[in-house]
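# Residue-level structure breakdown
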Number of protein chains: 2
Amino acid sequence: MTDIEKTLENKSVRPTAMRILIYKYMAEKEIAVALTDIENAFEKAERTTLYRTLKTFEEKGIVHQIDDGTNISKFALCEPGCNCELDQDLHLHFHCSNCDKTVCLTEHKIPHINLPTGYIAEDANLVIKGICDTCSQH
Amino acid sequence: MTDIEKTLENKSVRPTAMRILIYKYMAEKEIAVALTDIENAFEKAERTTLYRTLKTFEEKGIVHQIDDGTNISKFALCEPGCNCELDQDLHLHFHCSNCDKTVCLTEHKIPHINLPTGYIAEDANLVIKGICDTCSQH
DNA sequence: CATTAAATGCACTACAGTTGCATTCATAAT
DNA sequence: ATTATGAATGCAACTGTAGTGCATTTAATG
């Protein structure tokens, strides 16, 4: 049994062929991927299957959904120990306006914010937009 | 000439009847509004007109677009002195997961974030999700 | 009043997201 | 090994937001 299969089983997700492929695809990419990206990478696969796979992965804490301001939901694998289901891994995301890629900056947590009286924070999303390290070198 | 008309002219936007109505609508609402909200408020109006009005308002710095994580673009009037066109008014937004409303917390600016080497920040978007002051009282 | 550009109205297209249902597949029980 | 069961997948739609092209109307100007 491969590492990926073990990871999926640990998260109570049956390691089907399609799921393993999607996991592998996301692990190789270092950037957040949209449903459409996966669709293009696996043209033979059904969009619905990919969609539901991402949903399952998200529910089980295998990936986290990222809203990078493009109005297209992106997903990235959770780091080991990432408890994003519990909204306790509030790392920030960076969206490059040049290459349009979105990355997790897992080492950079969202600072604590004081809210006005009566407001109760449960989750936070911080996206920095600008030029990524690759694009800024050219 | 009313205050709204003056405001629009100051921003080089012709104060047509429809635009004044939309401005008034947004001024009365204290929360960010989606295109659909405006559509429902003015059923006789064309969606395209409303859409383009919002785009025009945004270009001219009358409103700013808010991405609150719902994947539906919302808009809110800019405060006097808000220079969001220049990405220099990085206040945060709060999205209530109970009543689904989004508000600007204009007094709360996004703190400065140190990025990894090579990353250049140009804009930032911080949305806190939770329970708003109205909902937390019930 | 005529000219001209801006604003609006209408009719589309594109695409992300989502759902219902039939079918296939894998697993466990007999 | 066979069957029963539920999960996973495939197929075919629908929904809603965003956006565009073009004709028409409206408003400002000379």
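First, a word on scope: everything that follows refers to the structure included in this document. Note that the coordinates shown come from a computational prediction; the quantities given were computed from them, not determined experimentally.

### Concerning the protein's contact with DNA strand C
Around DNA strand C lies a shell of 17 residues, among which A:Tyr51, B:Thr16, B:Arg19, B:Thr49 and B:Arg52 are the nearest. Each atom of DNA strand C within 4 Å of the protein was classed as base or backbone; sugar and phosphate made up 60%. One of the backbone N or O atoms of A:Ser73 is found 2.9 Å from a phosphate oxygen in DNA strand C. Within the contact set of DNA strand C, a base nitrogen lies 3.1 Å away from a side-chain nitrogen or oxygen of B:Thr48. Mapped onto the surface near DNA strand C, the elements with two or more residues apiece are α4 (47–59) of chain A together with α2 (17–28) and α4 (47–59) of chain B. At 5 residues, the largest contribution of residues to the surface near DNA strand C is made by α4(A). Residues of the surface near DNA strand C, tallied by class, amount to 3 nonpolar, 7 polar and 7 charged.

### Section: unusual backbone geometry
Although it is not a glycine, A:Ser12 adopts a positive phi angle of roughly 60 degrees. Looking at the secondary structure, you find A:Ser12 in the loop between α1 (3–10) and α2 (17–28).

### Focus: α4(B)
Side chains that are three or four residues apart share a direction in an α-helix, a result of its 3.6 residues per turn. All names here are of chain B. Here α4 is 13 residues long and its end C-alpha atoms lie 18 Å apart, about the 18 Å a rise of 1.5 Å per residue gives. Turning to α4, its buried residues number three or more, namely Leu50, Thr53, Leu54, Thr56 and Phe57. An end-on view of α4 places all buried positions within 165 degrees of arc, on one side of the element. Away from its buried face, by an angle of more than 90 degrees, α4 presents the exposed residues Arg52 and Glu59. Residues of α4 that are buried in the fold lie against α1 (3–10), α2, α3 (35–41), β2 (63–66) and β3 (74–77). Just past α4, the residue Gly61 takes up positive phi, approximately 75 degrees.

### Structural notes on the protein's contact with DNA strand D
Around DNA strand D, 17 residues are found, and the nearest of them are A:Thr16, A:Arg19, A:Arg52, B:Arg47 and B:Tyr51. Each atom of DNA strand D within 4 Å of the protein belongs either to a base or to sugar and phosphate, the latter forming 62%. For DNA strand D, a phosphate oxygen lies 2.7 Å from a polar atom in the side chain of A:Thr16. Contact between DNA strand D and B:Arg47: a base oxygen at 2.8 Å from a side-chain N or O atom of the residue. At the level of secondary structure, the elements contributing two or more residues to the surface near DNA strand D comprise α2 and α4 of chain A together with α4 of chain B.

What counts, and where the lines are drawn
- Residues numbered from 1 in each chain as written.
- Chains lettered and ligands numbered in written order.
- Predicted model: local features only at pLDDT ≥ 70, side-chain atom pairs only at ≥ 80, totals over all residues.
- Heavy atoms only, no water.
- Near = heavy atom within 4 Å.
- Polar contact = N/O pair within 3.5 Å; in protein donor to acceptor, adjacent residues only side chain to side chain.
- Helix = DSSP H or I, 4+ residues; strand = E, 2+ residues; numbered from the N terminus.
- Nonpolar A, V, L, I, M, F, W, Y, C, P; charged D, E, K, R; others polar.
- Expected span 1.5 Å × (residues − 1).
- Buried < 20%, exposed > 50% of the residue type's maximum accessible area, 1.4 Å probe, protein only.
- Arc of directions from axis to C-beta.
- Contact = heavy atoms within 4.5 Å.

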